[in-house]
Amino acid sequence: MDGFRLAGIEVMSNATPSQLETLLKSLVTAKEKALVLVEAELLNNPGTWLHRVQSEGGRVVVMQVPSLARAGDYHPEVDRLVGLAGQSEAG
């Protein structure tokens, strides 16, 4: 995280779902543009603001990244979507 901070990027280590919701609400209401990198586990149960940001798209983009402790178990949602697309083409 220190590398991000040195580059001038705001970092919130070990964020909770509540903190993520508060951050997203503030970004949306202030009409900020932002790229928010979130550990995949925080996206499992999306709150109101996360759901809104993901549905609307636009100024605030949320991307999931694996946690360092479970990087080997990480499978992004796009893997499932690409797998489904490949199955429909093959079938």
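Residues numbered from 1 in each chain as written. Predicted model: local features only at pLDDT ≥ 70, side-chain atom pairs only at ≥ 80, totals over all residues. Heavy atoms only, no water.

**Q** Can you help me understand helix α3 (residues 48-56) in this one?
**A** Because each turn of an α-helix spans 3.6 residues, side chains separated by three or four positions in sequence point in the same direction. Regarding α3, the residues found buried are Trp 49, Leu 50 and Val 53. Looking straight down α3, one finds that the buried residues subtend no more than 100° of arc, so they occupy a single side. Facing away from the buried side of α3 by more than 90 degrees, the exposed set consists of Thr 48 and Ser 55. Positive backbone phi, at 70°, marks Gly 57, one or two positions downstream of α3. (Buried < 20%, exposed > 50% of the residue type's maximum accessible area, 1.4 Å probe, protein only. Helix = DSSP H or I, 4+ residues; strand = E, 2+ residues; numbered from the N terminus. Arc of directions from axis to C-beta.)

**Q** I'm lost on the side chain of Glu 21 in this one. Help?
**A** Its place among the elements puts Glu 21 in helix α2 (residues 17-29). It is Lys 25 that comes nearest to the buried, bridge-free Glu 21 among opposite-charge side chains, at 9.0 Å. In this structure, Glu 21 is in contact with Gly 47, Thr 48, Trp 49 and Leu 50, ignoring residues within four places of it in sequence. (Lys, Arg positive; Asp, Glu negative; His and termini not counted. Salt bridge = Lys/Arg side-chain N within 4 Å of Asp/Glu carboxyl O. Contact = heavy atoms within 4.5 Å.)

**Q** So what exactly am I meant to see when it comes to the pattern of salt bridges here?
**A** If charged atoms from side chains of opposite charge come close, those side chains can pair. One pass over the full model with this rule turns up 1 salt bridge. In this structure, Arg 52 engages Glu 56 in a salt bridge whose closest nitrogen and oxygen atoms are separated by 3.0 Å. Within this pair, Arg 52 and its partner Glu 56 are both found in helix α3, separated by 4 residues, close to a single helical turn. The exposure class of Arg 52 is partly exposed, given its relative accessible area of 36%.

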